[in-house]
Amino acid sequence: MKYDVIVIGGGHAGCEASLASSRMGAKTLLITLRKDRIAQMSCNPSIGGIAKAQLVKEIDALGGEMAKNIDETGIQFRLLNTKKGPAVWSLRAQADRVLYRKRMQEIIFSQKNLDVLEDEVIEIITDKEVKGVLTTRGRKIEAGAAIVTGGTFLNGVIHVGLIQFRAGRMGEFPSKGLSNSLRKPGFKIGRLKTGTSPRVLKSSIDFKEAQIVEGDNPPRGFSFRNPFLNVNQEICWMVYTNQKTHKIVDELREICPLFIGQIKSIGPRYCPSIEAKVFNFPEKERHLLFLEPDGRDSDIIYISGLSTSYGVDIQYKILRTIPALHNAEILVPGYAIEYDFSDPRQLYPWLESKKIRGLFFAGQINGTSGYEEAGAQGIVAGINAVLYLDKKEPFVIKRSEGYTGVMIDDLVTKGVDEPYRMFTSRAEYRIILRQDNACERLMHYGYKFGLINESEYKKFLEERKIVDEEIERLKKQRIKREAALKVIKDNFKESVTLAELLRRANVKYDDLKKINKDKELPSHLKEKVEIEIKYEGFVKRQLKEAKHFEKLEKKKIPEDIDYESVPNLSYEAREKLRKYKPLNLGQASRIPGIRATDITALLFYIENRSISNK
Amino acid sequence: MSTVCAIATPHGISALAIIRVTGPDTKEILKKIFFKNPSEISPKRIYRSFLYHPETKEILDEVTFVFYREPESYTGEDMLEIISHGGYIVPRLIEEAIIKAGADPALPGEFTKRRFLNGKIDLLQAESINEISRATTKSAVSITLSKLKRDVSKRFGVIQDEIIDLVKDFEAIIDFPEEDIPPLDDREIMKKYNSIIKKLENFIEEGEKGRKFLKGPKIAICGKTNVGKSTLFNALLERERAIVSEIPGTTRDYISEEVFIKEVLTKVFDTAGIRKTKGKVEKIGIKKTEQIIEQSDIIVYMLDASSKNEKLDGFIKNLKEKEKEIIVVFNKIDRGIKIDRKKLKRDLKDISFIFVSAKERKNIDKLRNLIEQKTMKIFGEPHFSLSERESRICVKVLTLIRESFTSFSKKLSEEIVVLPLKESLSLMNDLIGIDVEDKILEKIFENFCVGK
């Protein structure tokens, strides 16, 4: 057997990676432990949320599958942060867990150029570059490039209370050989921990005691193809823990795996278990939990916010303290899982390993957490594996172009010491990186790589033209003060442009209708016009800053640089630069502890060197 | 990098002088001027030797010298320090000999520059050393030293922490909308803004005072022609030795000297006399005088005590409006005081004044006391000093914080309010480097129970 690209692992990263490479024309093989678990959601049955929705929209603009998949299998859609500005609006959807994976499986199984094999990879055959893989069932498969998307499966160990056993996910075997085989060529492998909440029987919950959370009307979609969705939505519920809950959690500290040293790896701060919440914030009287349906016809409810490493008996005790859950029947207990990850600083910003050419890593194996983070890396790795085989320039998304770029740059520059999750505060160009303009930022790449088809791209450009023309018109058309006052009471000069009027804090695009009758735009385009006019000044300011940094990004640091011989670097900077091995000055400037003066010193050194080399 | 040398002690009569050599050829030069094998010289030990001219082989002086091996030297390179006899001639001859042996004359500040370039110190410290070598009073040195000890960074760090703490409140609201985080308390946020703005303002003000203090307060002596300005100027210079030689004014219309007034190093300007005139040249002179007054901190305005018709004119009023510290000096008391004291006292109100005889050096010391008092009044006791670069960054940071505050007051949404705050943090990163983004997240997780 011979393939162009082999993708190891069928999770959210593996799906996007194998679809991207096969759609770009590379003969691709996806190897997974279980075909029927491809695209399984291991944790919450939900997609999106703050900063994560931006990632999903970026995957979509690049021509990935996640957005389409959730739009078709979602059962509740809500736009978060609407009280704040559109730069931080984020869509979140509840998924039907079973339908989500089934639809993705159909897409994968019917994709041209893409084969799926049930097996376990134990070794990657290399000779400075990837040659193929070996499997436990004795197969030797040749390939020019390989993408490892192992998720939590590499040497996974599950903890439920004091019981621990080897598993990749509850009820599934882990992958045992692969991380050892990665250690052989010298990859640094570390260990992380994450956790998940108990799932309970729906009919055992007393919903009278819970607050209902309803979806938006009309619901928005993730994909640019679906500004709005036509879908019947399910409801979710909110409940709170209370002092009784906290008392139980606190009193049983001595049998909590997290505190007696049974779990040694570092878990994510942003995804704290209930025990971490109670221990770290004793003054807090209650913690919020969401009850999320696992699917439309499912009898499973996922209790979001109650991840725990306590045993099943204690999980029952905890549930009993919450009125809505006093009779709750646990179907799958919450658990903690420890797994191997590979230090992402061993990767280039296009996710290829520095050690072995043609070997790519994406998803949780790079120390991230979240389906969206995994998917975004998956598509980038998939695209780059093909570019590598075609001997083309690698594809790197800039920090000013996408959250995907911010995430990958953070990973490969700083590494991780806890599972990495996307936050909007990680992005310095937050005003530019919005969910409403993902297509403007990235679709031209998707189109270039053949992942976005001609007609879709044309349609996007046409819509863009409408928006641009409308913005142009609003900037030109002036109205008299009396007319403006009809829209909002404010200090106006003699006359004002419509754009100036729209820029006022409380003016909406539709308010202009009162004074200015014109052809009606589709509502998602109206929103675009409004956002772009309101943010214009801030966007310009951020673009200027981004441009300044781009210059640094272009200054490559020679691979053979000897930091000892760079004058004017502090001892600390020297140590850090040696450790992090930045590729360019931009990357160097983001290493913690590196100062502007260090960058200046490096710049002088590199420039002088290139002069004396000429 | 070339090898350079310089005489490190001031030119003039002195018992000893120090000549320094630094750079890769230091050992070569050592061999040529001492006829010693450098491999037999241990670093950091004092040797006594004759010093020869490398070509004529003539003995120039008997000296002691210390060799420092890189990187354990001031500059981080090989370095030689020669202690020779002082005076005008010997050090110069030695310098010439070293240049003959292959060194270049060092540019001003070159030793510190090399120290910086070789990574022995960072920019902040380099700036401090530059100031230390120029500082000449005890308090000036302690200000500069406090910077070396990173006092500035510490104070600045406190402000940065407060900004991060404020950013954290906004970021938590943005990134965790569904986490039961209490809404922002507007009064609490206002308090935080006010505290940051106040601290920054004080920081900048004190830092700039410190910088001015290091440079020394400027004192302008002015008044009508022939009132005795130059005599007073000389009187002020006489007791303490000026440390910098005379700098003639570019248009030859004033002279200035650095002078110790008590413990404080000051710069005193002797300006062109003010006289109603139609002559062009003198008009230029008067314009210059006005410029000097503009930059000066203390104005010594002279009047003739021996003239019956002497009175205060519009000039003083003008100065008062500019909020300069003024000392009115009534000169020529040796000729008898003929002015109308009562009237003048009335006119002077709260302006300080003193009667002196510049010619007979009478009451000059009292005048010095008065100047010192004024200096303290202007500068207080500054704890640290900011360089112009640092000052500029701080002012920019302050502008950004104010911008954010305005956005907050206008109730703009959080991502807009926080924008200038984050810009200010990345600016501050130029002064003290930390990973701001991680610190913000850290603060959020410390303060709010978030995450599912």
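Residues numbered from 1 in each chain as written. Chains lettered and ligands numbered in written order. Predicted model: local features only at pLDDT ≥ 70, side-chain atom pairs only at ≥ 80, totals over all residues.

1. Brief notes about the overall build of chain A
Reasoning step 1: On a plain count of helices and strands, chain A comes out with 18 helices and 22 strands.
Reasoning step 2: Its C-alpha radius of gyration of 26 Å places chain A within 12% of the 25 Å reference for a compact globule of 614 residues.
Reasoning step 3: When the backbone C-alpha atoms are referred to their principal axes, chain A occupies close to 75 × 75 × 50 Å.
Reasoning step 4: When burial is assessed residue by residue, chain A has 52% of its 614 residues classed as buried.
Reasoning step 5: Here the analysis covers contacts within chain A between residues at least 6 apart in sequence; of these, 72% occur between residues at least 24 apart. (Helix = DSSP H or I, 4+ residues; strand = E, 2+ residues; numbered from the N terminus. Rg over C-alpha atoms; globule rule 2.2 N^0.38 Å. Buried ≥ 20, exposed ≤ 12 C-beta atoms within 10 Å, placed from the backbone. Contact = placed C-beta atoms within 7 Å.)

2. Quick word on the nonpolar core
Reasoning step 1: Residues V5(A), I6(A), A146(A), I147(A) and F360(A) are the most contacted members of the largest nonpolar core, which totals 148 residues.
Reasoning step 2: Setting aside its immediate chain neighbours within four residues, V5(A) contacts S21(A), A26(A), T28(A), A143(A), A145(A), I147(A), A385(A) and V386(A). (Core = buried A, V, L, I, M, F, W, Y, C linked by C-beta atoms within 7 Å.)

3. Re the pairing of strand β10 (residues 157-160) of chain A
All names here are of chain A.
Reasoning step 1: Side-chain alternation along β10 places V157 and H159 on one buried face and I158 and V160 on a second face that is also buried.
Reasoning step 2: Here four bridges tie β10 to strand β11 (residues 163-166), and the two strands are oriented antiparallel to one another. In the strand pairing of β11, I158 is matched with F165.
Reasoning step 3: With antiparallel pairing between neighbouring strands as the criterion, β10 and β11 make up a hairpin whose turn holds two residues, including G161 at a positive phi of roughly 60°.
Reasoning step 4: Two elements, β10 and strand β19 (residues 335-342), share three bridges in a ladder whose sense is antiparallel. Within β19, the position partnered with V157 by the bridge is E338. (Pairing = 2+ DSSP bridges.)

4. A closer look at the sheet that holds strand β18 (residues 330-332) of chain A
Residue and element names in this part refer to chain A.
Reasoning step 1: What the six strands build is an open sheet, ordered β14-β15-β16-β17-β13-β18; its pairing is antiparallel. Because the sheet does not close on itself, it has two edges, and the strands there are β14 (211-213) and β18. The mean angle between the axes of side-by-side strands here comes to 35°, regardless of whether they run parallel or antiparallel.
Reasoning step 2: Across four bridges, strand β15 (residues 236-240) lies against strand β16 (residues 288-293) in antiparallel orientation. Note on β16: the bridge partner recorded for V239 is L289. (Axes fitted to C-alpha atoms, helices over the stretch in contact; angles between N-to-C directions.)

5. Side note on the environment of L433(A)
Residues and elements named next belong to chain A.
Reasoning step 1: Tracing the backbone shows L433 in the loop between α10 (403-414) and α11 (438-448).
Reasoning step 2: Each C-alpha atom of the pair L433 and V160 lies 40 Å from the other, and the pair is 273 residues apart in sequence.
Reasoning step 3: Non-local contacts of L433, meaning those with residues more than four positions away in its chain, are made with Q54, G402, Y403 and A427.

6. Quick look at the sheet that holds strand β4 (residues 74-80) of chain A
Residue and element names in this part refer to chain A.
Reasoning step 1: On the basis of which strands lie adjacent, the open sheet formed by three strands has the order β3-β5-β4 and antiparallel pairing. The open sheet has two edge strands with one neighbour each: β3 (46-48) and β4. Mean inter-strand twist for the sheet, computed between neighbouring axes without regard to direction, equals 20°.
Reasoning step 2: As defined by bridge partners, β3 adjoins strand β5 (residues 90-95) across three bridges and the pair is classed as antiparallel. Within β5, the position partnered with G48 by the bridge is R92.

7. Here we look at the domain arrangement of chain A
Reasoning step 1: Considered domain by domain, chain A is made up of domain 1 (199-337), domain 2 (454-540) and domain 3 (555-613).
Reasoning step 2: When each unit is reduced to the centre of its C-alpha atoms, the spacing between domain 2 of chain A and domain 3 of chain A is 46 Å. (Domains from an automatic or database assignment.)

8. Regarding the environment of G593(A)
Reasoning step 1: Looking at the element boundaries, G593(A) is found in the loop between α17 (585-589) and α18 (596-613).
Reasoning step 2: Sequence separation between G593(A) and E572(A) is 21 residues; the distance between their C-alpha atoms is 7.9 Å.

9. Observations concerning the packing of helix α13 (residues 388-409) of chain B against helix α14 (residues 414-428) of chain B
Residues and elements named next belong to chain B.
Reasoning step 1: Close contact between α13 and α14 brings their axes to 7 Å; oriented N to C, the two are set at 170°. As judged from the angle between their axes, α13 and α14 are roughly antiparallel. As α13 packs across α14, the resulting crossing turns out to be left-handed. Facing I393, K396, V397, L400, I401, E403, S404, S407 and F408 of α13, the residues of α14 in contact are I416, V417, P420, L421, E423, S424, L427 and M428. (Parallel < 35°, antiparallel > 145°, perpendicular 65-115°, else oblique. Left-handed = near helix turned anticlockwise from the far one by under 90°.)

10. Looking at helix α6 (residues 243-251) of chain A
Residue and element names in this part refer to chain A.
Reasoning step 1: Those residues of α6 that fall on the buried side of the exposure criterion are T245, H246 and V249. Down the axis of α6, the buried set is contained in an arc of 95°. They therefore lie on one face. More than 90 degrees from the buried face of α6, the exposed residues found are Q243, K247 and E251.
Reasoning step 2: Tucked into the core, α6 has its buried residues touching α7 (274-280) and α8 (312-320). (Arc of directions from axis to C-beta.)

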